[in-house]
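# Breakdown of the fold
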Amino acid sequence: MPEKTSPVITACILDCPDACSFLVEPENRTIRANPDHPFTRGFICRKGARIFERLDAPERITRPLVRRKAKKGLQRGQQIGPAPEGFEPISWDNALELIAEKLNSLTNQPEAVLHVRGHGYRGVLAQASLNFFEALGASTTHGSLCDDAGIEACIRDFGALDHNDPLDLLNAGRIVNWGKDLKRSSPHTGLLVHEARRQGTPVLTISPGGDGSDGWSDQVLRIRPGTDRFLAAWVMHQLVARNCVAREVAQAVAGWEFFQELLQNLDAKSLLRTCDVDIRRAEELLEWYTPGKAPANPTATLIGWGLQRYRFGGQNVRFINALAMISGNIGRTGGGAYFNIASGRNLGRWRAASPGRSGVPSRRSFLLPTLAWDLEWADPPLEFIWVDGHNVVNQVPDSPAMAKALQRPFVVCVDGFFNDTARCADVILPPTLMLEREEIVGSCLHHFVNHAAQAVLPRDECRADYDILRDLGARLTPPVSFPEPGKCLQTGLSLLQTDLESFRARGFAEAPHPPVAFAGLRFAHPDGLYRVPVSLDPEPDDDPEYPLRLLSLVRGSFMHSQIPENEQQGLPRVMVSPGSPELSELDLTGPIYLATPLGRMAVHVQLDETLHPQIVLIRRDGWVSLGHGPNAIIEPHVTDMGDCAALYSQCCRLENR
Ligand SMILES: Nc1nc2c(c(=O)[nH]1)N[C@H]1C(S)=C(S)[C@@H](COP(=O)(O)OP(=O)(O)OC[C@H]3O[C@@H](n4cnc5c(=O)[nH]c(N)nc54)[C@H](O)[C@@H]3O)O[C@H]1N2
Ligand SMILES: Nc1nc2c(c(=O)[nH]1)N[C@H]1C(S)=C(S)[C@@H](COP(=O)(O)OP(=O)(O)OC[C@H]3O[C@@H](n4cnc5c(=O)[nH]c(N)nc54)[C@H](O)[C@@H]3O)O[C@H]1N2
Ligand SMILES: [Mo]
C-alpha cells in the first residue's frame, strides 16, 4: 500500500444511506467531507463529524473483559445489570482460548450456537462473522428491525430492488416526500431536495410529524400513523375515475383490470376518514400525481422507512409504489419511487473454509423481531451466543425479555461500549472501530463504493473483527480459516471495474447502473410486467385502553444507540400534540408514565403542535439500562411482509399513576 499523506481519503461505515467519503487529518483528529466525491459533495452530517468523540471516549472498552461472577437471573421489568464493576480484564489469548473451549464442546451441536449480527459495522471484511458462523453451521436470525417490509414490497412490485440514481432528483418536476426525515436520516437526500427546491421544484411531505422536514418542504400533509396505503388508494381511485391512466402504463401492469376494479369498489370517503386527511389536502396531492398537469417533468416519490414499520407496512409501500406507477412516473428521468437498494449489491462475497466439516448444514434460524420471546422456547436451547455490531438487547422489542434470554447461555459480545447488550455478556471483546482499520463499503442509496482506509492507529488492545475471528477459527477443531485480507478485499471489488491499488488511491469507485430504474417500463419479473397489490387490508382497531401510537423515531446527532451516557441523564422526553385526546385527563405537573400492555417508563412530556394527535414521539435507541430505551415496553409485532418489526404499531397511553 502506498505511504499515506495527510489528509487520508477514507469513508464512513456507519449504517447510514449516505455512505460518505471523508478526509481525515490523523495528527489533529479532524474529519471533513471529501469535496471530490460526487455524492458526498463536500458535506458530512453531525454524527459523522463526531466520530473521534466516540473513538477517543474515556468510557470505551479497549481491553478484553470477562465477567467476574456468574450472571444472576433477571426477572421481567428488572434493570439490565451492572457494568463495568462486574467485569475484569483478561488477555486476548485467554479470552480466545476460553471461547474456543466452549465452541469446541459444541462441535456436534452447531444449532446450540447462535450468531446475532447487527448493522453497527458494514463492508467486505465485515462479512467475517457471517462467514465464520455459516462455516460452523450455527443458528442464525432472519427478518429485520429496519427495512425488510419495504424491501419485500418493492421486490413484489418491481421484481427487484432498484431506484433511479438519487442525483436524478434534480430533474424532478415535483417531489413527494412520503415519510422521510430529510433532516436526520439522510442529510444528502435532504441536500438534493434542498437544491431541487432552489431550482423551483416544489416539495410536499406526508407524515404524522416528527420528521423535521418543514424547512425542506413547501407543503406538509399530516396523516394518521400507519395509514398511508389508504391515502395512496384514494388518489389512485380518483385517477381511475378520471380516466387518467395512460394505456402504455396499464399494459405494463399484470392484472390491471382486476386492480382497476379493486380501486373502483373502494369508498372514497371512508379511505380519507381512515387516514384522517381532509378532502382539500387530498385533492392537492391528487393534482401532484395527475398526468399532464403542470409542470412538464415527472413527480419523484421518496419513501421513508418509518411508514413500513407497521402491521401493514409492506402494503403501505406497495400502494405508494402503485401510485407512482399508474400515474406514469416510473421508468422516467425525474420520476421514480425511491425506497432503497441493497448496500451489498456492489460488493463481492467471500467465504470461510472449514476443512473437516462436510458442507454447510441447513441452519436453524430465529425471527429477529420476536427473538426476545422465541429464545425462551428454543429447542434445543442455546448454549452459546455471539453478538457483534448489534446492541441487540436495546434494539429488539421487549428488551427486558432479550436481556433475560442472555442469562443462561455463554455470551460473547464484540463491542466497545458498556451498552445494554455488553452488560449481559460473559466476555466482551473490544473491536477496532471505523478509521482504525481498512474496509470497503457500499451504500443503500447511491452507486458509489468507498474505500475506508485505516487513518489512525487502533486504541490500546482493540482488534479488527476479521482478525479476532481468524484467530479464533485457528483454535477450533476442525479449524475455520479465512482467505488473506487482501484477497477478501479483491473479491469485494470483483463486481467493479477497478483494481485494489487504483481504488485505494482514488478512495472510491462507481458501480455501473443505469441512471433510470425500469426504463421503458420493463420490470424484473419473468414476464417483464409490474405487479399491483391484490387487496387493501383494513387498519386494526384501536385499543381503547391504549389509544395512542408510540413512534420511536430516528435521532439527529447520533447513530442509533451509539449515544454517550451523559446525554441520557434525567427522564427521557416524549412529545405529544396539544390536541391529543389524552391530555385532558393528564396532570402535566405530576409524574408521568408512558405505558403499553408490556409495562411503563417514567417520561417528561413536551407539547408539539405539528404532531398528529394520535402519536407519542420518542427519539429512539436510548439505553434501557438508563431508563431511556423505548424497546423496554415495545411488543414484538411483525409486519405483513418481509418479517420486519412493526415497531410503530405499538399502542400506548400516558398516565399519572
Ligand atoms: N442521525 C442518524 N441518521 C440515521 C440513523 C441514525 O440512527 N441517526 N439511522 C439510519 C438507519 S439504519 C435508518 S433505517 C434510517 C431511518 O430513516 P427514516 O426513514 O428517516 O426513518 P424513521 O425515523 O424511522 O422514519 C422517518 C419518518 O417516518 C415518519 N413516519 C412515521 N410513521 C409514518 C407513517 O405512518 N406515515 C408517514 N407518511 N410517515 C411516517 C416520521 O414522521 C419520521 O420522521 O436513518 C439512517 N440514518
Ligand atoms: N424502538 C425501535 N427500535 C429500533 C428501531 C426503531 O425505529 N424503533 N429502528 C431499528 C433500526 S432502523 C435498526 S437499523 C436497528 C439498529 O440496531 P443496531 O444494529 O443494534 O444499531 P446500534 O445501536 O447502532 O448498535 C450497533 C453496535 O455496533 C457497535 N460497533 C460499531 N462499530 C463496530 C465494529 O467495527 N465492530 C463491532 N463488532 N461492533 C461495532 C456499536 O458500538 C454499537 O453498539 O435498530 C432497530 N431498532
Ligand atoms: Mo435501519
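None of these values were measured; they are calculated from a predicted model. (Residues numbered from 1 in each chain as written. Chains lettered and ligands numbered in written order. Predicted model: local features only at pLDDT ≥ 70, side-chain atom pairs only at ≥ 80, totals over all residues. Heavy atoms only, no water.)

### Overview of the site of ligand 1
The cut-off we apply is this: Proximity criterion: a residue is near a molecule or strand once any of its heavy atoms comes within 4 Å of it. We define a polar contact as two N or O atoms separated by no more than 3.5 Å, with the added condition that, inside protein, one atom must be a possible hydrogen donor and the other a possible acceptor, whereas residues neighbouring each other in sequence contribute only through side-chain atom pairs. Accessible surface is estimated by sampling points in the Shrake-Rupley manner with a 1.4 Å probe; for residues, cover comes only from the protein chains shown. Each residue gets one label: Ala, Val, Leu, Ile, Met, Phe, Trp, Tyr, Cys and Pro are nonpolar, Asp, Glu, Lys and Arg are charged, and the others, such as Gly, are polar. Source of the domain bounds: an automatic or database domain assignment.
By nearness alone, 34 residues border ligand 1, and Gly209, Gly226, Asp228, Arg309 and Phe558 come closest of all. Within the backbone of Gly209, one N or O atom sits 2.7 Å away from an oxygen atom of ligand 1. At 2.9 Å from an oxygen atom of ligand 1 is found a side-chain nitrogen or oxygen belonging to Tyr648. Here ligand 1 loses 99% of its free accessible area of 910 Å² to cover by the protein chains. For the shell around ligand 1, the residue count by class is 15 nonpolar, 10 polar and 9 charged. Formed jointly, the shell around ligand 1 draws a minimum of three residues from each of two domains, domain 2 (148–342 + 524–530) and domain 3 (548–655).

### Thoughts on the site of ligand 2
The immediate surroundings of ligand 2 are formed by 31 residues, with Arg54, His390, Asp415, Ser561 and Arg620 found nearest. Note that an oxygen atom of ligand 2 is positioned 2.8 Å from one of the side-chain N or O atoms of Arg437. Residue Gln562 places a side-chain N or O atom 2.8 Å away from an oxygen atom belonging to ligand 2. For ligand 2, whose unbound accessible area comes to 920 Å², protein coverage reaches 97%. The residue makeup of the shell around ligand 2, split by class, is 9 nonpolar, 14 polar and 8 charged. Both of domain 1 (65–145 + 348–432 + 456–498) and domain 3 (548–655) provide at least three residues apiece to the shell around ligand 2.

### Some details on the side chain of Asp398
Short version of the rule: The helix and strand labels rest on DSSP assignments: H or I over at least four residues marks a helix, E over at least two residues marks a strand, and numbering proceeds from the N terminus.
Among the secondary structure elements, Asp398 is positioned in the loop between α14 (392–395) and α15 (399–405). A polar contact of 2.7 Å, which involves the side chain of Asp398, links it to the side chain of Trp373.

### Looking at the packing of helix α5 (residues 148–158) against helix α12 (residues 313–326)
As a reminder of what qualifies: Every axis in this analysis is a line fitted to C-alpha atoms, fitted for helices over the stretch in contact. Angles between the N-to-C directions lie between 0 and 180 degrees. Here roughly perpendicular refers to angles of 65 to 115 degrees, roughly parallel to angles under 35, roughly antiparallel to angles over 145, and oblique to all remaining angles. Left-handed describes a crossing whose near helix is turned anticlockwise from the far helix by less than a right angle; the clockwise case is right-handed. In this analysis, two residues are considered to be in contact whenever any of their non-hydrogen atoms come within 4.5 Å of each other.
Relative to each other, α5 and α12 sit at 40 degrees, their axes nearing to 8 Å. Judged by the angle between their axes, α5 and α12 are oblique. Considering the relative orientation of α5 and α12, their crossing is right-handed. Residues Ala149, Gly150, Ala153, Cys154, Arg156, Asp157 and Phe158 of α5 touch α12, and the partners they reach there are Gly313, Gly314, Val317, Arg318 and Asn321. A per-class count over the contact of α5 with α12 returns 5 nonpolar, 4 polar and 3 charged.

### Focus: the pattern of salt bridges
Applicable threshold: The working definition used for a salt bridge is a side-chain nitrogen of Lys or Arg within 4 Å of a carboxyl oxygen of Asp or Glu. When a residue's accessible area, from a 1.4 Å probe over protein chains only, is under 20% of the maximum for its type it is buried; when over 50% it is exposed; and in between it is partly exposed.
Under the criterion given, the structure shown has 36 salt bridges. Here Asp218 ties to Arg197 by a salt bridge, and the two come within 3.0 Å at their closest N and O atoms. Linking Asp218 in the loop between β9 (203–207) and β10 (219–222) with Arg197 in helix α6 (residues 187–198), this pair joins segments that are 21 residues apart in sequence. A relative accessible area of 43% places Asp218 in the partly exposed class. A salt bridge links Arg280 to Asp278; the nearest nitrogen and oxygen atoms lie 3.7 Å apart. Given a relative accessible area of 36%, Asp278 falls into the partly exposed group. One salt-bridge network, in which partners are shared between bridges, spans Arg224, Arg229, Glu539, Asp542 and Arg549.

### A few points about helix α4 (residues 128–136)
Extensive coverage of α4 is indicated by the burial of 8 of its 9 residues. Of the positions making up α4, those classed as buried are Ala128, Ser129, Asn131, Phe132, Phe133, Glu134, Ala135 and Leu136. Buried residues along α4 sit against α3 (92–104), β6 (113–117), β15 (384–388) and α16 (465–474).

### Digging into the domain arrangement of the chain
Interface size is often expressed as the accessible area that is lost when the parts come together. Assigned domains of the chain: these are domain 1 (65–145 + 348–432 + 456–498), domain 2 (148–342 + 524–530) and domain 3 (548–655). Summarising the inter-unit geometry, the C-alpha centres of domain 1 and domain 2 are found 39 Å apart.

### Details of the pairing of strand β26 (residues 615–619)
Put simply, the rule is: Only strands that DSSP links by at least two bridges are regarded as paired with each other.
Within β26, 5 of the 5 residues are buried, which leaves it mostly tucked inside the rest of the structure. Because side chains alternate across β26, one face comprises the buried residues Ile615, Leu617 and Arg619, and the other comprises Val616 and Ile618, equally buried. One ladder, built from 5 bridges, connects strand β22 (residues 548–553) with β26; its direction is parallel. Looking at the pairing, Leu551 lines up with Leu617 of β26. In the sheet, strand β23 (residues 573–576) pairs with β26 via 3 bridges, with the strands oriented antiparallel. Residue Met575 lies in a different strand from β26, and its bridge partner there is Leu617.

### Looking at the sheet that holds strand β2 (residues 21–25)
The strand order β1-β2-β3 describes an open sheet built from 3 strands, whose pairing is antiparallel. Each edge of the sheet is formed by a strand with only one pairing partner; in this case those strands are β1 (8–11) and β3 (30–33). Looking at each pair of strands side by side, their axes are set apart by 40 degrees on average, direction ignored. Relative to β2, β1 is paired through 4 bridges, and the arrangement is antiparallel. Note on β2: the bridge partner recorded for Ala11 is Ser21.

### Observations regarding α16
Threshold: Note that the arc is defined by the directions from the helix axis to the C-beta atoms.
Buried residues of α16: Asp465, Tyr466, Ile468, Leu469, Leu472 and Gly473, and no others. Taken down its axis, α16 places every buried residue within 160 degrees of arc, on the same side. On its buried face, α16 sits against α3, α4, β15, β16 (410–414), β17 (427–429) and α17 (485–492).

### Re the packing of aromatic side chains
Put simply, the rule is: When the centres of two rings from Phe, Tyr and Trp lie within 6.5 Å, Trp using its six-membered ring, the rings pair. Their planes under 30 degrees apart give stacked, over 60 give edge-to-face, and anything left gives tilted.
One pass over the structure, following the stated rule, counts 19 aromatic pairs. A centroid spacing of 5.4 Å and a plane angle of 70 degrees characterise the contact between Phe158 and Tyr530, whose relative ring orientation is edge-to-face. Separated by 372 residues along the polypeptide, Phe158 in helix α5 and Tyr530 in strand β21 (residues 530–531) bring together distant segments of the chain. By relative accessible area, Tyr530 is classed as buried at 0%.

### Considerations on unusual backbone geometry
Pro380 follows Asp379 through a cis peptide bond whose omega is 5 degrees. Residue placement: Pro380 occurs in the loop between α13 (371–374) and β15. Going from Thr477 to Pro478, the amide bond is cis rather than trans, its omega being -10 degrees. Structurally, Pro478 is set in the loop between α16 and α17. In this model, Arg41 sits at a positive phi of 45 degrees, which is unusual for a non-glycine residue. With respect to the helices, strands and loops of the structure, Arg41 is situated in the loop between β3 and α1 (46–49). One non-glycine residue, Asn243, adopts positive backbone phi at about 60 degrees. Topologically, Asn243 is positioned in the loop between α7 (228–241) and α8 (247–251). Judged by its relative accessible area of 70%, Asn243 is exposed.

### A short note on the nonpolar core
To keep things clear, this is the line we draw: Definition of nonpolar core: a set of buried residues of the types Ala, Val, Leu, Ile, Met, Phe, Trp, Tyr and Cys, connected through side-chain atoms within 4.5 Å.
Trp178, Ile206, Leu231, Phe259, Leu285, Met325 and Phe523 are the most contacted members of the largest nonpolar core, which has 63 residues in total. In terms of residues, this core owes the most to one element, α7, which gives 9 residues. Setting aside residues up to four positions removed in sequence, Met325 forms contacts with Val249, Ala252, Val253, Ile330, Leu521, Phe523 and Tyr530.

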